[in-house]
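A look at the structure
Here are the chains, one letter per residue:
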Amino acid sequence: MAGALIAGGWGLFAGAALLVGAAVGTLFRVPAQWIALVMAFGSGVLISAVSFELVDEAYRQGGLLPTAAGAVAGATAYSVANVYLARRGARHRKRSGARQPSEGAQPGSGNAIALGALLDGIPESVVIGTSLLGGGSVGLATVVAVFISNVPEGMASAAGMKRAGRGRAYVFTLWSVIAGVSGLAALAGYAFLGGVSGTWMAAITAVAAGAILAMVADTMIPEAFEEAHLLAGLTTVLGFLTAFVLSHAAP
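Scoring rules and cut-offs
Residues numbered from 1 in each chain as written. Predicted model: local features only at pLDDT ≥ 70, side-chain atom pairs only at ≥ 80, totals over all residues. Heavy atoms only, no water. Helix = DSSP H or I, 4+ residues; strand = E, 2+ residues; numbered from the N terminus. Buried < 20%, exposed > 50% of the residue type's maximum accessible area, 1.4 Å probe, protein only. Contact = heavy atoms within 4.5 Å. Areas by Shrake-Rupley, 256 points an atom, 1.4 Å probe, with all protein chains shown as cover. Core = buried A, V, L, I, M, F, W, Y, C linked by side-chain atoms within 4.5 Å. Phe/Tyr/Trp six-rings, centres within 6.5 Å; stacked < 30°, edge-to-face > 60°. Salt bridge = Lys/Arg side-chain N within 4 Å of Asp/Glu carboxyl O.

Section: the overall build of the protein
- Helix and strand counts for the protein come out as eight helices and zero strands.
- Written out in order from the N terminus, the α and β elements of the protein read α-α-α-α-α-α-α-α.
- Per-residue burial for the protein yields a buried fraction of 49% across its 251 residues.
- Restricting to contacts in the protein with at least 6 residues of sequence separation, those with at least 24 account for 86%.
- With the model as given, the accessible surface of the protein reaches about 10,900 Å², and the carbon-plus-sulfur share is 71%.

What about the nonpolar core?
- By size, the foremost hydrophobic cluster in this structure holds 26 residues, and its most contacted members are L46, L54, I212 and M220.
- The element contributing the most residues to this core is helix α7 (residues 198–228), with ten residues.
- Residues in contact with L46, not counting those within four places in the same chain, are E124, A145, S149, E153, I212, M215, V216 and M220.
- Grouped together as the second largest cluster of nonpolar side chains are nine residues, A22, M161, L174 and W175 included.

Observations regarding the packing of aromatic side chains
- In total, this model carries four aromatic pairs according to the counting rule given.
- With 4.7 Å between their ring centres and 15° between their planes, F13 and F147 make a pair best called stacked. Highlighted residues: F13 in helix α1 (residues 2–27) and F147 in helix α5 (residues 138–163), separated in sequence by 134 residues.
- Members of the aromatic cluster, each reached through a chain of ring pairs, are W10, F13 and F147.

Focus: the pattern of salt bridges
- The full count for this structure, using the stated rule, is two salt bridges.
- Between D56 and R60 there is a salt bridge; the shortest N-O distance is 2.3 Å. Placement of both D56 and R60 in helix α2 (residues 32–62) is noted, with a separation of four residues, approximately one turn of the helix.
- Judged by its relative accessible area of 31%, D56 is partly exposed.
- You can call R60 exposed: its relative accessible area is 55%.
- Of the charged contacts in the structure, one is a salt bridge between R60 and E57, with a shortest N-O distance of 2.5 Å. Residue R60 and its partner E57 are located together in helix α2, separated by three residues, close to a single helical turn.
- Within this structure, D56, E57 and R60 form a network of salt bridges that share partners.

Next up, the structure:
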């Protein structure tokens, strides 16, 4: 029980970064280019975490086939769900500009955006919980990577919600719920997946990795490139290297 609560606490901590970003994006007028640069940095951080933490760990646990199959399954599931939500108004949920539809322009888009935020956050949180199983050292680096990437996600999405006419109460309620669900997802990952075999754990970790990588490509990188242009690539590499250093510095 103690281990599950610790995992849930780490998931909540990582999810709380969305609130930090939302506060900045809502309360301050941050230039779109700066938000995009932070988004690019967060993209690099997540790509590095997926590469050196999740996929590498999955491969060590179960080998190539479960890792590849899990990654494809995770990316497919995310993409199908993302297409469904995009058609209902959540396509630009991480955009800081005037891309998000208002509730008047597209009824139900607020609920779609909320579900999209859950879709983006749950794979990260589950893998935080599973990475702490057995005292695994992968947990801390993964938590830090998710926290760093969540700040620009919260900034961009909250700025876009503000432009779409959604009030502060909606923004902060949404991200508070997502942070809470992140903690519960991490707790569930630790509590319910501790007894599975190495092959199944590899597949589950790879599913999360595939979903995260698809999310970065579908939602984060487009926002970064649209506003930051040629600086997006350099900033993404800096984020990648930052997470790489954290990964290899973790005990």
